[in-house]
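# Examining the three-dimensional arrangement
Listed here are the chains, written in short residue letters.
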Amino acid sequence: MPATPRMLLILSENWTLADGRDLPTLVRWARQAEDAGFDAVMLSEHVVLGPDAGALGVMSNPRAYAAPGNQDPATPWPASLLLHSAIAAATSTIRLVASAVLAPLRHPLLLARELGTLDLLSEGRLVVQPSVSWSRDEYAALGVPFRQRGRILDEQLRILELLWRETPASFHGDFFDFTDVYLEPKAFRPDGPRMWFGGQHVHGPVLERLVRYGHGFHPFGTPSAEDLAMLRAGLREAGRDPDGIEMVGGTRATFPDDDTCADLGAAMAPIAEQIEQGFTTFCLKPSQFIDDPAEMPAFLREVMRRAEDFSR
């Protein structure tokens, strides 16, 4: 009998359900998700947004996912790592997925301090998905060169690997330089928090990061068969077991019009095909399916009931 799919509750972009300043509600939903049997909760982030956030026109249905260029620049984006710390204190088993952590906008020593502390606080429940993101306006506002963001991230990943392993640590690179720094306490595990990587395609840099550092693959959208084959081949070539990496998929919500929620059953139906492709963890955003926050506990239980049907 196949295992019940691991369900992941997305807590970002739910402002049709909760006011953007009402962060305690997100913490409460995380606790309710844990009680219902969810495996993880996810928060994404932006530091700031500029006009390019909505350059392609704001999404017609506010329940849809925010994508590059389709969102109101005033969309609330609370600090994900700080919010995850509150969730860690209010829960005991659910994993905390810090998705789209915009690493190039932080110094890697500060990032290591934040991630290590949160990982310790949650006793190893932290999952980090570093990202370079897409907003030129955001990079410009923070004074970080947009075109160098991929190279910056790759250097940061080498630094994080070093910091989890060595004390004192020294590094001399193109973007960061330090000698004999002590970073204590370190993360919960000797090799640091679990890391996911993703993108629209499994191209060179994404594949290289997955193979060297990755514990999970979380693509944006639906990966092609070629993408999945490239990932498995890359892992095998590196001496890693392709079945040892967590595959993260999701529901596929469709909206009948701009004012209506999606149907949960139809959105979860594609999970069956994804399971056949090796996916085990599935993301779901509650505001796509309900408009009344009072319905959240019952909704979460219904999601898990439907998820269990895939194991029968």
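This text goes with the structure placed above it.
Quick look at the structure, then. (Residues numbered from 1 in each chain as written. Predicted model: local features only at pLDDT ≥ 70, side-chain atom pairs only at ≥ 80, totals over all residues. Heavy atoms only, no water.)

This next bit is on the nonpolar core. Met7, Phe38, Val41, Ile87 and Phe299 are the most contacted members of the largest nonpolar core, which totals 79 residues. Examining the composition of this core, we find that 8 residues originate from one element, helix α5 (residues 149-165), more than from any other. Among residues more than four places away in sequence, those in contact with valine 41 are Leu8, Leu9, Leu11, Ala30, Ala33, His84, Ile87, Ile94, Arg95, Leu96 and Val97. Counting residues in each nonpolar core, the second largest holds 9 residues, with Leu8, Ala40, Val97 and Val248 among its members. (Core = buried A, V, L, I, M, F, W, Y, C linked by side-chain atoms within 4.5 Å. Buried < 20%, exposed > 50% of the residue type's maximum accessible area, 1.4 Å probe, protein only. Helix = DSSP H or I, 4+ residues; strand = E, 2+ residues; numbered from the N terminus. Contact = heavy atoms within 4.5 Å.)

Here we come to the pairing of strand β5 (residues 169-172). The side-chain alternation of β5 yields one buried face, formed by Ala169 and Phe171, and one unburied face, formed by Ser170 and His172. The pairing of β5 with strand β6 (residues 177-181) spans 3 bridges and is antiparallel. Its bridge partner being in β6, alanine 169 is matched across the sheet by valine 181. A loop of 4 residues connects β5 with β6, the two strands running antiparallel in sequence. (Pairing = 2+ DSSP bridges.)

A word on the side chain of asparagine 70. Counting through the fold element by element, asparagine 70 comes out in the loop between β2 (40-43) and α2 (80-90). For asparagine 70, a relative accessible area of 15% puts it in the buried group.

To continue, consider the packing of α2 against helix α3 (residues 108-121). Contact geometry for α2 and α3: axes closest at 9 Å, N-to-C directions at 15 degrees. By the angle between their directions, the pair α2 and α3 is classed as roughly parallel. Between α2 and α3 the crossing geometry is left-handed. Of the residues in α3, those touching α2 at Leu81, His84, Ser85 and Ala88 are Glu114, Leu115, Leu118 and Leu121. Partitioned by chemical class, the residues of the contact of α2 with α3 number 5 nonpolar, 2 polar and 1 charged. (Axes fitted to C-alpha atoms, helices over the stretch in contact; angles between N-to-C directions. Parallel < 35°, antiparallel > 145°, perpendicular 65-115°, else oblique. Left-handed = near helix turned anticlockwise from the far one by under 90°. Nonpolar A, V, L, I, M, F, W, Y, C, P; charged D, E, K, R; others polar.)

On to the sheet that holds strand β1 (residues 6-10). Two pairing modes exist for strands in a sheet, parallel and antiparallel, and in both the strands are linked by backbone hydrogen bonds. Strand order in the closed barrel formed by 8 strands is β1-β2-β3-β4-β7-β8-β9-β10, with parallel pairing between adjacent strands. Relative to strand β7 (residues 194-197), strand β4 (residues 126-131) runs parallel, the two being bridged by 2 bridges. Along β7, the bridge assignment pairs valine 127 with arginine 194. Where helix α10 (residues 296-309) meets the sheet, it contacts β1 and β10 (281-284), and its direction lies at approximately 150 degrees from that of β1.

With that out of the way, let us pick up the packing of aromatic side chains. A full pass over the atoms with the stated rule returns 3 aromatic pairs. A centroid spacing of 5.4 Å and a plane angle of 85 degrees characterise the contact between tyrosine 139 and phenylalanine 146, whose relative ring orientation is edge-to-face. Take tyrosine 139: its relative accessible area is 1%, and that puts it in the buried class. The buried category is assigned to phenylalanine 146, whose relative accessible area is 12%. Sitting above the plane of the phenylalanine 146 ring, arginine 149 keeps its charged end 3.8 Å from the centroid. Directly above the ring of tyrosine 65 sits lysine 285, whose terminal nitrogen or CZ lies 5.4 Å from the centroid. (Phe/Tyr/Trp six-rings, centres within 6.5 Å; stacked < 30°, edge-to-face > 60°. Lys NZ or Arg CZ within 6 Å of the ring centre and 35° of its normal.)

In this section: the pairing of β10. By the alternation rule, side chains of β10 split into Thr281 and Cys283 and Phe282 and Leu284, which are all buried. Both β1 and β10 contribute to a ladder of 4 bridges, which runs parallel. Bridged to leucine 9 within β10 is leucine 284. Pairing of strand β9 (residues 246-250) with β10, which is carried by 3 bridges, proceeds in the parallel orientation. In the strand pairing of β10, glycine 250 is matched with cysteine 283.

Quantified by volume, the largest pocket comes out at close to 1300 Å³. If you trace the largest pocket, you find 48 residues lining it, with Ala100, Gln129, Gly199, Pro219 and Phe220 closest to the centre. Elements supplying a minimum of two residues to the lining of the largest pocket: β3 (95-102), β4, α5, α6 (204-213) and β9. Class assignment of the residues belonging to the lining of the largest pocket gives a composition of 22 nonpolar, 21 polar and 5 charged. (1 Å grid on protein atoms, 1.4 Å probe; cavity = no way out; pocket = protein on both sides within 12 Å on 5 of 7 lines; lining within 4 Å. Points joined across faces, edges and corners; volume = space filled by probe spheres on them.)

The next subject is the environment of proline 205. Checked against the element boundaries, proline 205 lands in helix α6. Note: C-alpha distance between proline 205 and alanine 238 (33 residues apart in sequence) is 15 Å.

On the surface, a cluster of nonpolar side chains totalling about 210 Å² of accessible area is made up of Val47, Val48 and Leu142. You can see leucine 142 is positioned in helix α4 (residues 136-142). (Patch = residues over 30% accessible without salt bridge, like charges linked within 9 Å, V, L, I, M, F, W, Y side chains within 5 Å. Areas by Shrake-Rupley, 256 points an atom, 1.4 Å probe, with all protein chains shown as cover. Salt bridge = Lys/Arg side-chain N within 4 Å of Asp/Glu carboxyl O.)

By secondary structure assignment, the location of leucine 210 is in helix α6. Judged by its relative accessible area of 0%, leucine 210 falls in the buried class. Between the C-alpha atom of leucine 210 and that of arginine 125, which follows or precedes it by 85 residues, the distance is 20 Å. When near neighbours in sequence (up to four residues on either side) are disregarded, leucine 210 contacts Phe197, Gly216, Phe217, Leu231, Arg240 and Ile245.

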